[in-house]
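# Structure at a glance
Listed here are the chains, written in short residue letters.
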Amino acid sequence: MSDDSDPEPAVNISGGVSGGGIEAEFDPETADTRAEEVVDRLGERYWQKTYGGQDAFTCLVRTILSQNTSDKASQPAHDALIERYGHSSSGADLADALAHAEQSQLAETISSAGLYNQKSEILIDTAEWVCDEFGSAAEFDRFVTDEAPDTVRETLLGVRGVGPKTADCVLLFAGGRGGVFPVDTHVHRIYRRMGIAPPEADHEAVREVLEAEVPAAKCGFGHTATIQFGREFCTARQPACLEDPEACPMADICEQVGVYPETGEVVDPAEAPT
């Protein structure tokens, strides 16, 4: 069973084979926790990206564009933005170019990403912050790569429009940091549905559970692979187990919190009766 409405992007935004990457062995038989077993099974199923190596400000821009929309919608907006602002003839870097961008023109450029007026304002504000605080996108990149992850995360969370998932994606995809498991809507849904995180857990609580129970070297892969698993099997409204209990590769270790195959009903785990 698959969900073709939001496929894996053709472009590997993690930085490609030149990225940092952390080698890990995926063996479900040796997993110490149920969360690790899930990630290990995903490691046997999906292609493994490398992490790190992407310019930090470009990664920040890409993640802001992806908020509240799919990669299918945000990728063209990212490409259009880079085409217009990322190749400045004056030699200015992307942060400087966006800090001086005309808001309505930027909004038009990224319109495919949705919420483009709000996002264009946030991007300009963020670019101005990078220029004021670090001087350039290159210095911001050094900050993300070299400073302690907790310092980077706390700093990013103080910026308007940057939430925990955005900060963690910058740490993972740009900084190449191990032990970072960004939590998007798929990750939030799936690990509560499986019973690995409490059903009422918010995104931060799910992140804390996963980063405690999944080895650091596997967290980055766990994030991207769980998203793919959510698109193909454990979708929000029609998980594979509704049609066939054996259709889901995680069926034997999933508690199906909020999923009721006998009635075909699916609710958010937080709304499931205890």
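This one's a predicted model, so the numbers in the text were calculated from it and none came from an experiment. (Residues numbered from 1 in each chain as written. Predicted model: local features only at pLDDT ≥ 70, side-chain atom pairs only at ≥ 80, totals over all residues. Heavy atoms only, no water.)

### Describing empty space enclosed by the protein
Scanning the entire structure with this criterion turns up two cavities of 30 Å³ or more. By volume, the largest cavity is sized at about 100 Å³. For the largest cavity, the lining is made up of 14 residues, of which C234, P239, C241, C248 and C254 are closest to its centre. Residue composition of the lining of the largest cavity, by class: 12 nonpolar, one polar and one charged. (1 Å grid on protein atoms, 1.4 Å probe; cavity = no way out; pocket = protein on both sides within 12 Å on 5 of 7 lines; lining within 4 Å. Points joined across faces, edges and corners; volume = space filled by probe spheres on them. Nonpolar A, V, L, I, M, F, W, Y, C, P; charged D, E, K, R; others polar.)

### Here we look at helix α10 (residues 185–193)
For α10, a buried count of eight out of nine residues is recorded, marking the element as mostly surrounded by other parts of the structure. Restricting attention to buried positions, one finds in α10 the residues H186, V187, H188, R189, I190, Y191, R192 and R193. Buried residues along α10 sit in contact with α1 (34–45), α11 (203–213), α12 (216–232), β1 (259–260) and β2 (265–266). The residue sitting at the N-terminus of α10 and contributing the capping side-chain oxygen is D184; that oxygen lies 3.2 Å from the backbone nitrogen of H186. At the exit of α10 stands G195, carrying a positive phi of roughly 85°. (Buried < 20%, exposed > 50% of the residue type's maximum accessible area, 1.4 Å probe, protein only. Helix = DSSP H or I, 4+ residues; strand = E, 2+ residues; numbered from the N terminus. Contact = heavy atoms within 4.5 Å. Polar contact = N/O pair within 3.5 Å; in protein donor to acceptor, adjacent residues only side chain to side chain.)

### Things to note about the nonpolar core
Counting residues in each nonpolar core, the largest one holds 74 residues, and the members touching the most others are L42, F57, L81, L98, F140, Y191 and F229. The leading source of residues in this core is helix α6 (residues 116–134), at eight residues. Beyond its immediate stretch of four places on either side in the chain, L98 contacts F57, V61, L81, Y85, L106, I124 and A127. (Core = buried A, V, L, I, M, F, W, Y, C linked by side-chain atoms within 4.5 Å.)

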